[in-house]
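# Observations on chain architecture
Chain residues, written in single-letter form:
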Amino acid sequence: MKKSLIALAFGTLALGIAEFTMMGILPYVAADLGISLAAAGHFISAYALGVCFGAPVLILARKCPLKKILLALVALIIAGNLCAAAAPSYWVLLAGRFISGLPHGAYFGVASIVAGKLADEGKGAEAVSIMIAGMTVANLFGVPLGTSLSHLLSWRVTFLLVACWGVIVLYYIWRWIPAVPGLKDTGFKGQFRFLKKPAPWLILGATALGNGGVFCWYSYINPLLTQVSGFSDESITALMVLAGFGMVVGNLVSGRMSDRYTPGRVGTVVQGLICLLLLAIFFLSPHRWCSATLMALCTAALFAVSSPEQVLIIRVSPGGELLGGACVQIAFNLGNAIGASIGGLALTEGLRYPALLGAPLAFAGFLLFLLFYKRYQARY
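Computed from a prediction, not measured in an experiment: that's the story for all the values here. Each chain carries its own residue numbering, running from 1 in the written order of its sequence. For this predicted model, a pLDDT threshold of at least 70 governs which residues receive local features, and a threshold of 80 or more governs which side-chain atom pairs are given and counted, while totals over whole chains, interfaces and linings are taken from all residues. The side-chain quantities take in all heavy atoms of the structure and omit both hydrogens and water.

Once that is clear, we can look at helix 14 (residues 306–315). Relative accessibility thresholds used throughout: buried, under 20% of the residue-type maximum; exposed, over 50%; partly exposed, between the two (1.4 Å probe, protein chains only). The helix and strand labels rest on DSSP assignments: H or I over at least four residues marks a helix, E over at least two residues marks a strand, and numbering proceeds from the N terminus. In terms of residue burial, helix 14 counts as a mostly covered element, since 9 of its 10 residues are buried. Taken residue by residue, helix 14 has Ser306, Ser307, Pro308, Glu309, Gln310, Val311, Leu312, Ile313 and Ile314 as its buried positions.

Right, dumping it as structure tokens:
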């Protein structure tokens, strides 16, 4: 495995911990700052808002060398998490979370292009999956570690850890990433030209709807496992590690399969599988080990579809690759927010029903992926 791809994965590891750990440490943050749990939830929204704002701003740096853009984005990761770690009040932490989110989508966009340029011939999708692997490892080890540190020491230590890791990432990107040729400058308007075609919208729509379907269920996984499947509260950490393991395996297998069978085919098949898994979760979640197995399979499928989406959006956005690569992360986060909201509406019927409500969303994502595959895969 190339050291340059490992350096890129180190960056997504930092982003994954910064994004997902907040969900597990909200009670500690709320208690320390003297705010309600609902108000603390704004820190999750602030990060997502930063993702949405940071991606379009990336086009202003389109003339810069890709390596310099990566270094600047990692510097933002460090600054945002240092601000969060030292935040004395609600508003400062809100600003820190917003700054932390700014480089998220932009980093994925630039790193996807760099990974593709550094990949061996015929291994482009696998290279992108290695870059994304940092995000899955964050869910496997980083998030449980951050939650434990918040419990044993302070939630501030978690963000300080991410900032320190960012310094390491900065060094290895500087050391291991070679000077990569920049992209052809198509002008400001040229960055948006690809959005006039239907193919990118099919990929972005499939991403938002597919992830929305999964997060209908996954946003409420903790109470489902304890109150429906019958697991103890003490076993949740181990189950989250199992879910993270599924993400790691699904992502890496998908990368290899995409190079062999095309990203469009892999993405379509996996998205269809997600629909079936969500229906199975609805019916079988009262059975303890069925629920745990289906959880691991569904989280594996969630990240198995991520690599094809990231690869395809780069291919269908000529002249606007930076913006296209970042837009997938906007669609991903938008899907997360929509899915959590829709899933919450179904909770009045019972904890199993978010999965049932997520199935048609995932199916809509499957239809968009299938339409893309039938009409456009041969071109990309």
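The next subject is the pattern of salt bridges. We define a salt bridge as a contact between a side-chain nitrogen of Lys or Arg and a carboxyl oxygen of Asp or Glu at a distance within 4 Å. According to the stated counting rule, one finds 2 salt bridges in the structure shown. Arg256 is the partner of Glu126 in a salt bridge, and the nearest nitrogen-oxygen pair spans 3.3 Å. Placement of Glu126 in helix 6 (residues 124–152) and of Arg256 in helix 11 (residues 236–261) is noted, with a sequence separation of 130 residues between them. Among the residues examined, Glu126 registers a relative accessible area of 17% and is labelled buried. Arg256 sits in the exposed class, given a relative accessible area of 56%.

What follows is about the environment of Leu66. Mapped onto the fold, Leu66 is located in helix 4 (residues 66–86). With relative accessibility at 1%, the residue Leu66 sits in the buried group. With 300 residues separating them along the chain, Leu66 and Phe366 place their C-alpha atoms 33 Å apart.

Patch rule: a residue counts if its relative accessible area is over 30% and it has no salt bridge; like charges are joined within 9 Å, and nonpolar side chains (Val, Leu, Ile, Met, Phe, Trp, Tyr) within 5 Å. What sets the accessible areas is the Shrake-Rupley method with a 1.4 Å probe; for residues, cover comes only from the shown protein chains. On the surface, a nonpolar cluster with roughly 530 Å² of combined accessible area is contributed by Leu273, Leu276, Leu279, Phe283, Leu284 and Leu356. Top contributing element to the nonpolar patch by residue count: helix 12 (residues 263–284), with 5 residues. Tracing the sequence through the fold places Leu356 in helix 16 (residues 353–376).

Turning to the packing of helix 3 (residues 42–57) against helix 15 (residues 321–346), a few remarks are in order. Interaxial angle, 0 to 180 degrees, is taken between N-to-C directions of lines fitted to C-alpha atoms, where a helix line uses only the stretch in contact. Their axes nearest at 9 Å, the elements helix 3 and helix 15 cross at an angle of 160°. In terms of axis orientation, helix 3 runs roughly antiparallel to helix 15. For helix 3 against helix 15, the interelement crossing comes out left-handed. Counted together, Ala48, Val51, Cys52, Ala55 and Pro56 of helix 3 and Leu323, Ala326, Gln329, Ile330 and Asn333 of helix 15 form the full contact between these two elements. Orientation labels follow simple angle bins: below 35 degrees gives roughly parallel, above 145 gives roughly antiparallel, 65 to 115 gives roughly perpendicular, and whatever is left gives oblique. In this scheme the handedness of a crossing depends on how the near helix is turned from the far one: anticlockwise by less than a right angle means left-handed, clockwise means right-handed. It only takes one pair of heavy atoms within 4.5 Å for two residues to be counted as in contact.

Moving on, we get to the nonpolar core. Among buried residues, the Ala, Val, Leu, Ile, Met, Phe, Trp, Tyr and Cys ones that are joined through side-chain atoms within 4.5 Å form a nonpolar core. Ranked by size, the top nonpolar core spans 102 residues in total, and within it Leu8, Tyr107, Val110, Val114 and Trp217 carry the most contacts. In terms of residue count, helix 9 (residues 198–218) provides more of this core than any other element does, 10 residues in total. Of all hydrophobic cores here, the second largest spans 18 residues; its members include Met22, Ala84, Ala87 and Leu94.

In this section: the packing of aromatic side chains. A pair of aromatic rings is counted whenever rings of Phe, Tyr or Trp (Trp by its six-membered ring) have centres within 6.5 Å, and the orientation is called stacked for planes under 30 degrees apart, edge-to-face for over 60 and tilted otherwise. Under the counting rule described, the total for this entry stands at 17 aromatic pairs. Ring centres of Phe10 and Tyr172 lie 6.0 Å apart, and the angle between their planes is 65°; this geometry places the pair in the edge-to-face category. Placement of the pair is Phe10 in helix 1 (residues 3–33) and Tyr172 in helix 7 (residues 155–176), with a sequence separation of 162 residues. Judged by its relative accessible area of 25%, Tyr172 is partly exposed. Here the aromatic rings of Phe282 and Tyr353 are separated by 5.1 Å at their centres, their planes lie at 70°, and the arrangement is edge-to-face. In this pair, Phe282 sits in helix 12 while Tyr353 sits in helix 16, placing the two residues 71 residues apart along the sequence. Here Tyr353 falls in the partly exposed class, since its relative accessible area comes to 29%. Ring pairing ties together the aromatic residues Phe10, Trp165, Tyr171, Tyr172, Trp174 and Trp176, which thus form one cluster. Criterion for a charge above a ring: Lys NZ or Arg CZ within 6 Å of the ring centre, and within 35 degrees of the ring normal. Over the face of the ring belonging to Phe231 we find Arg288, whose NZ or CZ atom lies 5.3 Å from the ring centre. Looking at Arg352, its charged tip hangs above the ring of Phe282, at a distance of 4.8 Å from the centre.

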